[in-house]
Amino acid sequence: MHRVGEDLYVGDLASVGDGRALHAAGIDVVVGLTHDAPTDGYPTGVDVVREPMVDGPRNDGSAFERAVDATLDALTDGHRTLVHCSAGSSRSVAVAAATLAETTDRDLEAAFQRVLACRPPADPHPALVRRAAAYVGLERAGKM
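As a starting point, this report considers the structure included with it. Everything numeric here is computed off the predicted structure, so don't read it as measured data. (Residues numbered from 1 in each chain as written. Predicted model: local features only at pLDDT ≥ 70, side-chain atom pairs only at ≥ 80, totals over all residues. Heavy atoms only, no water.)

What to know about the overall build of the protein chain
In terms of regular secondary structure, the protein chain is built from six helices and five strands. In sequence order, the protein chain lays out its α and β elements as β-β-α-α-β-β-α-β-α-α-α. Relative to a compact globule of 144 residues, whose C-alpha radius of gyration would be 15 Å, the protein chain shows 14 Å and is just as compact. In terms of principal-axis extent, the alpha carbons of the protein chain reach across some 40 × 30 × 25 Å. Residue burial in the protein chain is summarised as follows: out of 144 residues, 47% are buried. Here the protein chain displays about 6,800 Å² of accessible surface, and carbon together with sulfur accounts for 46% of that area. Considering the protein chain, the positive charge centre built from 14 side chains and the negative charge centre built from 21 side chains are found 4 Å apart. (Helix = DSSP H or I, 4+ residues; strand = E, 2+ residues; numbered from the N terminus. Rg over C-alpha atoms; globule rule 2.2 N^0.38 Å. Buried < 20%, exposed > 50% of the residue type's maximum accessible area, 1.4 Å probe, protein only. Areas by Shrake-Rupley, 256 points an atom, 1.4 Å probe, with all protein chains shown as cover. Lys, Arg positive; Asp, Glu negative; His and termini not counted. Charge placed at Lys NZ, Arg CZ, Asp CG, Glu CD.)

This is the structure:
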């Protein structure tokens, strides 16, 4: 699990099951992008928003939008938030970068650079980078 923004973290399926680490970091909302929950379930005391997504070109654009919206809502409401996928390298990275672009003065490229610098295993699929660009473009054009 890596901190990529003031109250925004990116992690994998294993890290989200570590309740002690989540509580120590002050994380109280988890946005889950996997179809499966952690082996032992999500920790108690953490609100979980499930927005399962497929990695790669078959990713549903509306699922991506819901995931970013859920992350933005949690941050706007003052929650420290962890976005996770299976490996914490593609889906969660793209959602976090789109979120950073929307909540900071960074453009999307700078937001991706920030996440990539903070999360060494990050390797977002090009299709998800395009989804993030479409989301940010629509948001900034006021069409969402």
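Digging into the sheet that holds strand β5 (residues 81–84)
A sheet is described by the order of its strands in space; here five strands give the open sequence β1-β2-β5-β3-β4, paired in mixed fashion. Of all strands in the sheet, those bounded by a partner on one side alone are β1 (2–3) and β4 (47–50). (Pairing = 2+ DSSP bridges.)

Some points on the packing of helix α3 (residues 61–76) against helix α4 (residues 91–103)
When two helices pack together, their arrangement is given by the angle between their axes and by how far apart the axes lie. Here α3 crosses α4 at 50°, and the two axes come no closer than 9 Å. Relative to α4, the element α3 is oriented oblique. By crossing handedness, the relation of α3 to α4 is classed as right-handed. Here α3 contributes F64, A67, V68, T71, L72 and L75 to the contact with α4, which in turn contributes A94, V95, A98, T99, E102 and T103. Grouping the constituent residues of the contact of α3 with α4 by class yields eight nonpolar, three polar and one charged. (Axes fitted to C-alpha atoms, helices over the stretch in contact; angles between N-to-C directions. Parallel < 35°, antiparallel > 145°, perpendicular 65-115°, else oblique. Left-handed = near helix turned anticlockwise from the far one by under 90°. Contact = heavy atoms within 4.5 Å. Nonpolar A, V, L, I, M, F, W, Y, C, P; charged D, E, K, R; others polar.)

Details of the environment of R130
Tracing the chain through its elements places R130 in helix α6 (residues 126–140). The class of R130 is exposed, set by a relative accessible area of 54%. C-alpha of R130 to C-alpha of H2: the two residues are 128 residues apart in sequence and 23 Å apart in space.

Observations regarding the nonpolar core
In this structure, V4, L33, M53, F64 and V95 are the most contacted members of the largest nonpolar core, which totals 34 residues. Counting only elements with at least two residues in this core, the list comes to β2 (8–11), β3 (29–32), α3, α4, α5 (108–118) and α6. When residues of this core are assigned to their parent elements, the largest contribution, eight residues, is made by α4. Discounting residues that sit within four places of it in the chain, V4 has contacts with Y9, V10, A96, L100, R114, V115 and C118. The next biggest cluster of nonpolar side chains, apart from the first, holds nine residues, and it includes Y9, V16, L22 and V46. (Core = buried A, V, L, I, M, F, W, Y, C linked by side-chain atoms within 4.5 Å.)

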